Amino acid sequence: MKSYTIEQLLQYVYKSESLSEPGKEFYYSDVNFALASLVISKIDGDYVQSLKTRIFQPLNLTETAFLNTPGDAPLGLADSYWDRYGDGNIENISDIQIALTSGLKGTDGIVTTANDMKKFIQALVNGNLVSDTSLAQMTTFLDVPESAREDHGISGY
């Protein structure tokens, strides 16, 4: 399975046309997170090191890591399962998931344990990671266009 870099992802996106006008339809996209990771790298020198210095170490997230390559997956990493074809057949897609997430700085690549995730969420909601204003924006529910409600069965995010 081939892994892709953020730059390769962005080249693909830049060549693609928009799926709709802003605010008309809802589609999930990692592109803004990819761009944010490049900005962080430009400011701090290295995105992954910035995560370690600014988040992992201060919160003592000792069971959290970034996968640079599929070979970096730690022993004991929980398997990923998916009903890929929507036919009720649940498959173990761990190899696919690791290949897709490895190296995608900003959009994926972080693995953690339930214990470290608990520490992270507690720090986030207790104001130890972002300002109260940012947290309020992050937790404000946004309605999605009617097409997303009909096509995807969701009312917002």
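Our subject is the structure that appears above.
Residues numbered from 1 in each chain as written. Predicted model: local features only at pLDDT ≥ 70, side-chain atom pairs only at ≥ 80, totals over all residues. Heavy atoms only, no water.

Chemist: Give me the overall build of the protein: which residues, what numbers.
Modeler: Summing up its helical and strand segments, the protein has seven helices and four strands in all. Across its three principal axes, the protein shows a C-alpha extent of roughly 45 × 40 × 30 Å. Expressed as a percentage of the 157 residues in the protein, the buried residues total 24%. Look at the contacts in the protein between residues 6 or more apart in sequence, and 57% of them connect residues 24 or more apart. (Helix = DSSP H or I, 4+ residues; strand = E, 2+ residues; numbered from the N terminus. Buried < 20%, exposed > 50% of the residue type's maximum accessible area, 1.4 Å probe, protein only. Contact = heavy atoms within 4.5 Å.)

Chemist: Can you explain the pattern of salt bridges? Please cite residues and give values.
Modeler: Here the structure, examined in full by the defined rule, presents three salt bridges. Of the charged contacts, one joins R54 and D44 as a salt bridge, the two residues approaching to 2.7 Å between their closest N and O atoms. A residue pair is termed long-range when its members are at least 10 positions apart, and R54 in helix α3 (residues 47-56) and D44 in helix α2 (residues 31-44) qualify at ten residues. For the salt bridge of R84 with E91, the shortest nitrogen-to-oxygen distance reads 2.6 Å. Looking at R84, the relative accessible area reads 34%, which means it is partly exposed. (Salt bridge = Lys/Arg side-chain N within 4 Å of Asp/Glu carboxyl O.)

Chemist: Any details on the environment of F66? Residues and values, ideally.
Modeler: Position of F66 among the secondary structure elements: in strand β1 (residues 65-66). For F66, a relative accessible area of 7% gives the class buried. Separated by 45 residues in the primary sequence, F66 and V111 have C-alpha atoms spaced 6.2 Å apart.

Chemist: Got a sec to walk through the layout of surface pockets? Specific residues and values, please.
Modeler: Roughly 790 Å³ of internal volume is contained in the second largest pocket. If you trace the second largest pocket, you find 27 residues lining it, with Y47, L51, I55, I110 and F120 closest to the centre. Where the lining of the second largest pocket is concerned, the elements lending two or more residues are α2, α3 and α5 (114-125). Looking at the lining of the second largest pocket element by element, the count peaks at six residues for α3. A class-by-class count of the residues in the lining of the second largest pocket yields 16 nonpolar, seven polar and four charged. (1 Å grid on protein atoms, 1.4 Å probe; cavity = no way out; pocket = protein on both sides within 12 Å on 5 of 7 lines; lining within 4 Å. Points joined across faces, edges and corners; volume = space filled by probe spheres on them. Nonpolar A, V, L, I, M, F, W, Y, C, P; charged D, E, K, R; others polar.)

Chemist: Requested: an account of α2, with residues and values cited.
Modeler: When the terminal C-alpha atoms of α2 are compared, their 20 Å separation across 14 residues agrees well with the 20 Å that a helix rising 1.5 Å per residue should span. Listed as buried for α2 are V31, A34 and S37. The buried residues of α2 occupy one face: seen down the axis, they fall within an arc of 120°. Away from the buried face of α2 by more than 90 degrees, exposed residues N32 and I43 are located. Tucked into the core, α2 has its buried residues touching α1 (6-15) and α3. Downstream of α2 by one or two residues, G45 has phi in the positive range, about 100°. (Expected span 1.5 Å × (residues − 1). Arc of directions from axis to C-beta.)

Chemist: Give a description of the packing of α1 against α2 that names residues and reports values.
Modeler: With their axes 10 Å apart at the nearest point, α1 and α2 run at an angle of 130° to one another. Relative to α2, the element α1 lies oblique. At the point where α1 passes α2, the crossing takes the left-handed sense. Contacts between α1 and α2 involve I6, E7, L9, L10, V13 and Y14 from the former and V31, A34, L35, S37 and L38 from the latter. Across the contact of α1 with α2, the residue classes break down as nine nonpolar, one polar and one charged. (Axes fitted to C-alpha atoms, helices over the stretch in contact; angles between N-to-C directions. Parallel < 35°, antiparallel > 145°, perpendicular 65-115°, else oblique. Left-handed = near helix turned anticlockwise from the far one by under 90°.)

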